[in-house]
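Notes for the structure review
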Amino acid sequence: ESTLYIGGYFNIVNGQTRNHIAAIETATGNVTTFNPNADSDVLSMDLSSDGVYLYAGGYFDNIGGLARQRVAKIEASSGNVVASFNAGGDGNDVYSVTLSPDDSTLYVGGVFDNIGGQPRSIVAALDTATGNATSFNTFFTPNGSNYAQVVYLNPAGTTLYVGGVFQTDDPTLDQIAAFETSTGNLKSWHPMGTSIDTFALNSDESVIYVGGAETELTAITIGEGVMRRKHLAKYIVATNTFDPDFAPDLSDASSSHFIVSPDESTIYIGGDFTTVNGQPRDQLAAIDAATGSLKPFDVGVFGGTGPGVGGLGPLASSPDGSILYVGGKFTSVGGQTRSNLAAVDAVTGNVTSFDANVNGQVHGLAPSPDGSILYLSGTFTSVGGQTRNNLAAVDAVTGNVTSFDPNVNNDASLILSPDGSILYLGGKFTSVGGQTRNHLAAVEASSSALTSFNPDANGDVINLSMPADGATLYFRGSISYGFTTIGGQWRVMTAAVETATGNVTPWVPDLGWGASITDLSALAVSPDGRVYLGGCFFNHFYVFASEVEPTPTPTPTPTPTPADSPTPTPTPTSAPSSDSGSSGGGGGSSSGGDSGGGTPPATSAPVVVPKAPPKTGRFI
């Protein structure tokens, strides 16, 4: 691990000319003499197990002074291209390369229809001694628009996974599929399902509950195994497996919100279901966290909900676990009139006397640490008959509105600091208490006074989360109108800021090629600072968790001081309404490029071989 190889769209590294491929000493960062000199982008590389040869794929036609169409074998020490390896090809791009465990075969994916002297469309296996195509053949039909963006080989070398844009004989395997390396036959591996839309973590992060929100089965894949669950699954962190016995049946419905009870014995789930495990449950149910069995808890029917009308929203538990608060857009609960916010007994589901009477949809809930106050946010103008714009606080027992009144000018999501002193807000708003705050703000929980916290996002913010130390606020953008900058710094869809200052942190998770503002649908932070992201990343690959380096040990979080009426910054054009909440081995690397080839757009970020631990964020 003394040398780091990088490829991409560059011509200079540390002041030295290196065209598209280079090597760097990991100890010093100095550029080595390795210099194959490619004439265009290097998109993917893999290193032989003995470290002698480096294989590269990309857009190039010449490398090391030799004509090589899109794939080459290079001596890792000298940078000389190996003359005996020549795959030829039809001049079309190679996006991804990966070596077999014994280094005898190089699997390549791209947009080609002929390579290694044989007709092979988008995927091929090449003899590493000669570059000739082996008998491995996936028999994709050439059509000029298919391509394999990534190929990945399992550690045993028996299965090749392929992702990209293509069609197979099984429509459920279009765009991501697995093939037997011995025969090229399509395997009955079915990873495709829905994206991950919501998480719930237990306190020690040993268990993660995962949910989705579409009508098909959620397929969750670990290694070569696959589990199918109807939008709810239980992941065991220690063993890197999903619990095969935990299988609540929501029929053909979704789980869009859920939380774990304070004693971690129960999962409360909300969604558009009407039955759970064959028993009637209208949009809200309680599941045994260990077994997945349905608990007796039954709220009854939520009135005034339905397609295009509204429905169940955020859930929150009282600190002692005795009460479950339910927000959303509804007019009654269990036959009793409750407008958009209700409290129910956490064991029986019986509706309590709590009645806040909110005149608009509730998107966020946060009980105070002592359980006396419930903070709520959403799109409302009145609570308990008193004017409250989009943010309010009510007595947690009666529902009576308190004097807390920040006056937020548009929809908001919220999270309370661990000590209960500061309420952090994200949303569509551009003003809080009459002062400019673009989509992020903080107010004192006791007085509703606006603090100096002002990260200044240029688009909607939702799904706030923070670790137990309260030093960092993590958040994501809304699906339709999310941000691209925070405090003038480029951050797309996800970001983190210091709670003490509002300054943006260096944390920038890489969601992979093809990820866009519509691909991230859930974010949660564990008490120790690990950040989990859910959604659809890397084109059609559905990944449910991301890991980051823990936040450096902070100094005690100071309470932000009330703002001294700072000079308002220009208010951006208000974005249209959008979503405002969500619950909280083998193979080489691959990437794309933004030049050459003419088929799929891709990034030009360097490819790293071997993979080094990053400084900001990495996928588990």
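Residues numbered from 1 in each chain as written. Predicted model: local features only at pLDDT ≥ 70, side-chain atom pairs only at ≥ 80, totals over all residues. Heavy atoms only, no water.

Thoughts on the overall build of the chain
Within the chain, the secondary structure is distributed over zero helices and 54 strands. Sorting the 620 residues of the chain into buried and exposed places 55% on the buried side. In the form shown here, the chain has an accessible surface area of approximately 23,900 Å², with 50% of it arising from carbon and sulfur atoms. (Helix = DSSP H or I, 4+ residues; strand = E, 2+ residues; numbered from the N terminus. Buried < 20%, exposed > 50% of the residue type's maximum accessible area, 1.4 Å probe, protein only. Areas by Shrake-Rupley, 256 points an atom, 1.4 Å probe, with all protein chains shown as cover.)

Here we look at the sheet that holds strand β46 (residues 472–477)
The three strands are arranged β45-β46-β49 in an open sheet whose pairing can be described as antiparallel. The open sheet terminates on both sides in strands that have one partner only, identified here as β45 (461–465) and β49 (494–498). Here the strands of the sheet are splayed against their neighbours by 30 degrees on average, with no regard to which way each runs. (Pairing = 2+ DSSP bridges. Axes fitted to C-alpha atoms, helices over the stretch in contact; angles between N-to-C directions.)

Points about the pattern of salt bridges
Taken as a whole and assessed by the stated rule, the structure comprises seven salt bridges. For D93, the salt bridge is made with R70, and the minimal N-O distance between the two is 3.0 Å. Of this pair, D93 sits in the loop between β9 (71–75) and β10 (94–99) while R70 is found in the loop between β8 (66–67) and β9, placing the two residues 23 residues apart along the sequence. This pair shows no difference in class: D93 is buried, exactly as R70 is. Note that D298 and R281 form a salt bridge whose closest N and O atoms lie 3.6 Å from each other. Of this pair, D298 sits in the loop between β28 (284–288) and β29 (302–303) while R281 sits in the loop between β27 (279–280) and β28, placing them 17 residues apart in sequence. For D298, a relative accessible area of 33% translates into the label partly exposed. Residue class for R281 comes out buried when judged on its relative accessible area of 8%. Taken together, the shared-partner salt bridges in this structure form one network comprising D61, R70 and D93. (Salt bridge = Lys/Arg side-chain N within 4 Å of Asp/Glu carboxyl O.)

Focus: the environment of S478
In this structure, S478 sits in the loop between β46 and β47 (485–486). Overall, the relative accessible area of 0% leaves S478 in the buried class. Spatially, the C-alpha atoms of S478 and G427 are 8.4 Å apart, while their sequence positions differ by 51 residues.

Let's talk about unusual backbone geometry
In most cases, non-glycine residues show a negative phi, while peptide bonds are predominantly trans. Its identity as a non-glycine residue notwithstanding, S448 has a phi of 70 degrees, on the positive side. The backbone phi angle of N463 is positive, close to 55 degrees, even though this residue is not glycine. One can find N463 in strand β45. For N463, a relative accessible area of 3% translates into the label buried.

So, the packing of aromatic side chains
Enumeration according to the criterion identifies 15 aromatic pairs in this entry. Ring geometry for Y107 versus F136: centroids 5.4 Å apart, planes at 85 degrees, classification edge-to-face. Taken together, the residues Y107 in strand β11 (residues 105–110) and F136 in the loop between β14 (123–127) and β15 (147–153) connect sequence positions 29 residues apart. The exposure class assigned to Y107 is buried, which follows from its relative accessible area of 6%. According to the relative accessible area criterion, F136 is buried, its value standing at 3%. On the basis of an interplanar angle of 75 degrees and a centroid distance of 5.7 Å, the ring pair of F140 and F179 is categorised as edge-to-face. Highlighted residues: F140 in the loop between β14 and β15 and F179 in strand β17 (residues 176–180), separated in sequence by 39 residues. By the ring-pair criterion, three or more aromatic residues cluster together here, those being Y59, Y95 and Y147. In this arrangement the basic side chain of K73 is found over the ring face of Y53, its NZ or CZ atom lying 4.3 Å from the centre. (Phe/Tyr/Trp six-rings, centres within 6.5 Å; stacked < 30°, edge-to-face > 60°. Lys NZ or Arg CZ within 6 Å of the ring centre and 35° of its normal.)

Focus on the environment of T398
By the element assignment, T398 lies in the loop between β39 (391–395) and β40 (412–416). Looking at T398, the relative accessible area reads 33%, which means it is partly exposed. With 25 residues separating them in the primary sequence, T398 and I373 have C-alpha atoms 9.9 Å apart. Among all residues touching T398, those that are not within four sequence positions of it are S353, F354 and D355. (Contact = heavy atoms within 4.5 Å.)

So, the nonpolar core
One recurring pattern in soluble globular proteins is that nonpolar side chains are buried together. Formed by 18 residues in total, the largest nonpolar core has its most connected members in Y325, L341, L376 and V383. Non-local contacts of L376, meaning those with residues more than four positions away in its chain, are made with L341, V358, V362, G364, L365, V383, N390, L391, A392, V394 and L414. (Core = buried A, V, L, I, M, F, W, Y, C linked by side-chain atoms within 4.5 Å.)

Comments concerning the sheet that holds strand β31 (residues 323–328)
Hydrogen bonds between backbone groups are what pair the strands of a sheet, and the pairing can be parallel or antiparallel. As summarised here, the arrangement of the three strands in space is β30-β31-β34, forming an open sheet in which the pairing is antiparallel. The sheet is open, and its two edges are formed by β30 (312–317) and β34 (341–345), each paired on a single side. Averaged over all pairs of adjacent strands, the angle between strand axes in this sheet comes to 25 degrees, irrespective of strand direction. Direction of pairing for β31 relative to β34: antiparallel, over a ladder of five bridges. Across the sheet, residue V326 finds its bridge partner in β34, namely A342.

What to know about empty space enclosed by the protein
Within this model, the largest cavity holds a volume of roughly 40 Å³. Along the walls of the largest cavity sit Q69, R70, G88, G89, D90, G91, N92, V94, F112, N114 and I115, which together make up its complete lining. (1 Å grid on protein atoms, 1.4 Å probe; cavity = no way out; pocket = protein on both sides within 12 Å on 5 of 7 lines; lining within 4 Å. Points joined across faces, edges and corners; volume = space filled by probe spheres on them.)

Points about the pairing of β45
Here β45 lies mainly inside the structure; five of its five residues are buried. Inspection of the sheet shows β45 paired to β46 by three bridges, in the antiparallel sense. Of the residues in β46, the one forming a bridge with V461 is G477.

Remarks on the pairing of strand β44 (residues 440–444)
Counted residue by residue, β44 has five buried out of five residues, so it is predominantly covered. Of the two faces of β44, both are covered, the one formed by L440, A442 and E444 as well as the one formed by A441 and V443. Here strand β41 (residues 422–427) pairs with β44 via five bridges, running antiparallel. Paired with G426 across the strands is L440, a residue of β44.

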